[in-house]
Amino acid sequence: MKIAVCLKQVPDTEANIKIASDQKTIDESAIKFIVNPYDEYAIEEALKLKESQGAEAVIAISLGPDRAKDALRTAVAMGVDDVVLLKTSANSNDALSTAKILAAKIKELGADMILLGKEAIDDGNMQVGPMLSELLNIPCITVVTKLEVNGNSVKAEREIEGGVEVLETTMPCIITCQKGLNEPRFPSIRGVMMAKKKQILEETVELEDAKLVVSSLTYPQARSEGKVVGEGAEAVSELIRLLREEAKVI
Amino acid sequence: MSTILVFAEQQSGVFKKAGFEVVSQARKLAEESGANVVAVAIGSGIEDQAGVLGEYGADKILLADDEKLENYNPETYKNVFVNAARDTEADILLFSATTTGKDLAPRVAAAMDTTLASDCIGIGLSDGKLNVNRPLYAGKVFAHIVIEGNPQIASLRPNVFEAVKSREGQNVSVEKMELPDLSSKINVVEVRRSGGDKLDVSEAEIIVTGGRGVRGPEHFDIIEELANSLGAAVGATRAAVDAGWRPHEDQVGQTGKVVSPNLYIMCGASGAIQHWAGMSGSKCIVAINKDENAPIMKKADYSIIGDLFEVVPVMTEEIKKFRE
């Protein structure tokens, strides 16, 4: 079994996002980038599968600009065997274009199990996993919180509103990972040392023209200044009155 | 005439409010452009109910009703919807950005060789093209996007657009679709609903969230009681979920769910940037925190400085009183 993990480098959750002077992209200069948190569940699940199923290799693929190498090195430090950077000149904001390039690489690698985070926390698109399914013509189960692999059979639990679905399929297949699936391991010191020396396979790729054209980015509308209603339990009556009469929300 | 095709989602044979919201929004767009609104209803035993979609503004309903379609299966639902899109030659496809919509829409988009704009909070038409507004970085900024694909596809965030019965009592034709092969490489073994009728944060109109200040899972009962008195869902911050106090499906924030209820009440939560990103679209925000310097105290519409263990039970009592 060969396992592929698709991962994306994204701004840290604590990052303040500033719009760049072109008004269409963000200013990356002061941003700390991390491995997309949901992709860490994908990496961990891949490593666990390798250990339990004796997979041949875990290969992490990232599509992105040169800086994405850092995310791939983190994956190596966690225990991934090989890493591939599909290098673009800019951040892709088009899911189909991204999925097409990833699909071609996955096909070339001949991966049986493809793991991704359920979404990237930057664009929150949630599209690449299900799109890969269509492009590769193999099943995809999204938002998975529990995964069992037995030979060729795959059983997955996925989170839905107010419940859980249990689905079965067979490999090759695609799984997108949700928080709760596992606890991602921390890179070992040995892993970090190896990651520094690891050769990253690099291929330059061209994105198609985006189907979604950003005309501008804006900040959320500023909320009007709030009101301190009071201190302690005595303030509750006034709060309830405001919620009923002023905000009219209860 | 151009066509707007809408996926009208049902669960357990009941059409969802999120689906009505999308049909209503499609109607609004159609009023501007003169387009036809066609709703696609997929499920089992839903024929009798499908007519309600006409009241929300569908001109026609395409029905795919079969036992094999009782539960959502990504492959069969995709095949049915793609057939409907091809048959109607729809120029615009709309979904709700529910768990199902988010799973289905990208498959349909890829099958039609395009990308969709997901989780939109604003949508309009300009020169025949869809213009949408969608959050990036969970809402730290918003992208204004022109959709160039054909068809143009978008999913709309639940609870943002109004569900309006603009054509109350209207009867529209329900046309049974010719069904494609309903075999699938995915087998739905079981659908387990969480105990009782637990309201999901992504669908709730009121959310009461507990943070680190709740101090432990055993204290969440006071949060739950306030939520019950309001008919609200219980949310949790990343800190509360990472500590194992609450299940991750309750988490609101950049690595949880992004929500926009009418009322969001935060108890013992500081309002960290990643949490704020996930709930700042709420119409009214209330904070109860003993630290008057917590970031949320400057941002909330209303705040009470105080110990949540004293304030929250009093709120529950007062709300029960006026609800009686």
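Computed from a predicted model, the values in this text were never measured in an experiment. (Residues numbered from 1 in each chain as written. Chains lettered and ligands numbered in written order. Predicted model: local features only at pLDDT ≥ 70, side-chain atom pairs only at ≥ 80, totals over all residues. Heavy atoms only, no water.)

A. Layout of the overall build of chain A. Each helix and strand counted, chain A has 6 helices and 13 strands in total. When the backbone C-alpha atoms are referred to their principal axes, chain A occupies close to 65 × 45 × 40 Å. Classification of the 250 residues of chain A by burial places 58% in the buried group. In chain A, the proportion of contacts linking residues at least 24 apart, taken out of those at least 6 apart, comes to 71%. (Helix = DSSP H or I, 4+ residues; strand = E, 2+ residues; numbered from the N terminus. Buried < 20%, exposed > 50% of the residue type's maximum accessible area, 1.4 Å probe, protein only. Contact = heavy atoms within 4.5 Å.)

B. Here's a closer look at the overall build of chain B. Secondary structure summary: chain B contains 10 helices and 18 strands in total. Taken over C-alpha atoms, the radius of gyration comes to 21 Å for chain B, in line with the 20 Å a tight globule of 324 residues would show. Here chain B, with 324 residues, has 61% of them falling under the buried criterion. Sequence-distant contacts in chain B: of pairs separated by 6 or more residues, those separated by 24 or more amount to 64%. For chain B, the computed accessible surface area is about 12,000 Å², with 43% contributed by carbon and sulfur atoms. (Rg over C-alpha atoms; globule rule 2.2 N^0.38 Å. Areas by Shrake-Rupley, 256 points an atom, 1.4 Å probe, with all protein chains shown as cover.)

C. View of the environment of Lys227(A). With respect to the secondary-structure elements, Lys227(A) resides in strand 13 (residues 227-231). Setting aside residues no more than four positions away along its own chain, Lys227(A) makes contact with Leu242(A), Glu246(A), Ala300(B), Asp301(B), Tyr302(B) and Ser303(B). A distance of 3.2 Å separates a polar atom in the side chain of Lys227(A) from a polar atom in the side chain of Glu246(A). (Polar contact = N/O pair within 3.5 Å; in protein donor to acceptor, adjacent residues only side chain to side chain.)

D. Summary view of the sheet that holds strand 14 (residues 206-210) of chain B. Strands sit in the order 13(A)-18(B)-17(B)-16(B)-14(B)-15(B) across an open sheet of 6 strands; the sheet is parallel. In the strand order of this sheet, the two ends are held by strand 13 of chain A together with strand 15 (233-236) of chain B, each with one partner. For this sheet, the mean angle separating the axes of adjacent strands, direction not counted, is 20°. Contacts from helix 6 (residues 236-246) of chain A reach strand 13 of chain A together with strand 16 (263-267), strand 17 (284-289) and strand 18 (302-305) of chain B within the one sheet, and its direction differs from that of strand 18 of chain B by about 175°. (Pairing = 2+ DSSP bridges. Axes fitted to C-alpha atoms, helices over the stretch in contact; angles between N-to-C directions.)

E. Local environment of empty space enclosed by the protein. By the definition in use, this model includes 6 cavities of 30 Å³ or more. Taken together, the elements giving at least two residues each to the lining of the largest cavity come down to strand 8 (153-160) of chain A together with helix 5 (99-111) and strand 9 (129-136) of chain B. If you go around the second largest cavity, you meet 26 residues; those closest to its centre are Lys8(A), Thr98(A), Leu116(A), Ala120(A) and Val128(A). Secondary-structure elements contributing two or more residues to the lining of the second largest cavity are strand 1 (2-7), strand 4 (57-64), helix 3 (95-109), strand 6 (113-117) and helix 4 (128-136) of chain A. For the lining of the second largest cavity, the residue count by class is 11 nonpolar, 9 polar and 6 charged. (1 Å grid on protein atoms, 1.4 Å probe; cavity = no way out; pocket = protein on both sides within 12 Å on 5 of 7 lines; lining within 4 Å. Points joined across faces, edges and corners; volume = space filled by probe spheres on them. Nonpolar A, V, L, I, M, F, W, Y, C, P; charged D, E, K, R; others polar.)

F. Quick peek at the side chain of Asp103(B). Mapping Asp103(B) onto the fold places it in helix 5. Once residues within four sequence positions are removed from consideration, Asp103(B) is found in contact with Pro130(A), Thr142(A), Arg158(A), Tyr72(B) and Pro74(B).

G. Layout of the packing of helix 6 of chain A against helix 10 (residues 308-323) of chain B. Relative to each other, helix 6 of chain A and helix 10 of chain B sit at 50°, their axes nearing to 10 Å. Judged on the interaxial angle alone, helix 10 of chain B and helix 6 of chain A are oblique. The two elements helix 6 of chain A and helix 10 of chain B meet at a crossing, and its hand is right-handed. Along its contact with helix 6 of chain A, which presents Val236(A), Ser237(A), Leu239(A), Ile240(A) and Arg244(A), the element helix 10 of chain B presents Val311(B), Val314(B), Met315(B), Glu318(B), Ile319(B) and Phe322(B). (Parallel < 35°, antiparallel > 145°, perpendicular 65-115°, else oblique. Left-handed = near helix turned anticlockwise from the far one by under 90°.)

H. Local environment of a negative patch on the surface. Side chains of Glu231(A), Glu234(A), Asp291(B), Glu292(B) and Glu310(B) sit close together on the surface and give a patch of like negative charge. Along the polypeptide, Glu310(B) turns up in helix 10. With a relative accessible area of 48%, Glu310(B) lands in the partly exposed category. (Patch = residues over 30% accessible without salt bridge, like charges linked within 9 Å, V, L, I, M, F, W, Y side chains within 5 Å. Salt bridge = Lys/Arg side-chain N within 4 Å of Asp/Glu carboxyl O. Lys, Arg positive; Asp, Glu negative; His and termini not counted. Charge placed at Lys NZ, Arg CZ, Asp CG, Glu CD.)

I. Representation of the interface of chain A and chain B in the model. Contact residues are listed per partner, giving 83 residues for chain A and 92 residues for chain B. Taking both sides of the interface into account, the surface hidden between chain A and chain B amounts to around 7,200 Å²; carbon and sulfur atoms contribute 55%. The largest share of the area that chain A buries against chain B comes from Glu161(A), Lys179(A) and Arg223(A), three residues that together contribute 12% of it. Across the contact surface, chain A and chain B share 9 salt bridges. Across the pair Asp103(B) and Arg158(A) runs a salt bridge, and its minimum N-O distance is 3.8 Å. Per-class residue counts for the side of chain A that touches chain B are 39 nonpolar, 23 polar and 21 charged. As judged from the 6 bridges shared by strand 12 (residues 212-218) of chain A and strand 10 (residues 141-147) of chain B, these two strands associate in the antiparallel manner. (Buried area = accessible area lost by both parts, 1.4 Å probe.)

J. Just the pattern of salt bridges, in detail. Enumeration over the complete set of coordinates arrives at 47 salt bridges over all chains. Ionic pairing is found between Lys69(A) and Asp66(A), a salt bridge with its closest N-O pair at 3.0 Å. The closest approach of N and O atoms between Asp119(B) and Arg157(B), which form a salt bridge, is 3.3 Å. Residue Asp119(B) is found in strand 7 (residues 116-120), and its partner Arg157(B) is found in the loop between strand 11 (152-156) and strand 12 (173-176); the two are separated by 38 residues along the sequence. Overlapping salt bridges, with partners in common, bring together Asp66(A), Lys69(A), Lys87(A) and Glu202(A) in one network.

K. Local environment of the layout of surface pockets. In this structure, the largest pocket encloses a volume near 890 Å³. The wall of the largest pocket is formed by 32 residues, among which Pro220(A), Gln221(A), Gly139(B), Phe142(B) and Ser280(B) lie closest to the centre. Counting only elements with at least two residues in the lining of the largest pocket, the list comes to strand 9, helix 8 (273-279) and helix 9 (296-299) of chain B. It is helix 8 of chain B that contributes the most residues to the lining of the largest pocket, 5 residues altogether. Across the lining of the largest pocket, the residue classes break down as 15 nonpolar, 10 polar and 7 charged.

L. Layout of helix 3 of chain A. Residue and element names in this part refer to chain A. When the terminal C-alpha atoms of helix 3 are compared, their 21 Å separation across 15 residues agrees well with the 21 Å that a helix rising 1.5 Å per residue should span. For helix 3, the tally of buried residues reaches 11 of 15 residues, placing the bulk of the element in the interior. Within the sequence span of helix 3, burial applies to Ala95, Leu96, Ser97, Thr98, Ala99, Ile101, Leu102, Ala103, Lys105, Ile106 and Leu109. Following helix 3 by one or two positions, glycine 110 adopts a phi angle in the positive range, close to 70°. (Expected span 1.5 Å × (residues − 1).)

M. The arrangement of the packing of aromatic side chains in detail. Taken as a whole and assessed by the stated rule, the structure comprises 7 aromatic pairs over all chains. Judged by centre distance (6.3 Å) and plane angle (50°), the ring pair of Tyr38(A) and Tyr41(A) falls under tilted. Within this pair, Tyr38(A) and its partner Tyr41(A) are both found in helix 1 (residues 37-53), separated by 3 residues, close to a single helical turn. Both residues of the pair, Tyr38(A) and Tyr41(A), belong to the buried class. Seen in terms of ring centroids, Phe7(B) and Phe81(B) are 6.1 Å apart; in terms of plane orientation they differ by 80°. Their pairing is edge-to-face. (Phe/Tyr/Trp six-rings, centres within 6.5 Å; stacked < 30°, edge-to-face > 60°.)

Function cannot be inferred from these measures alone, as they are strictly geometric.
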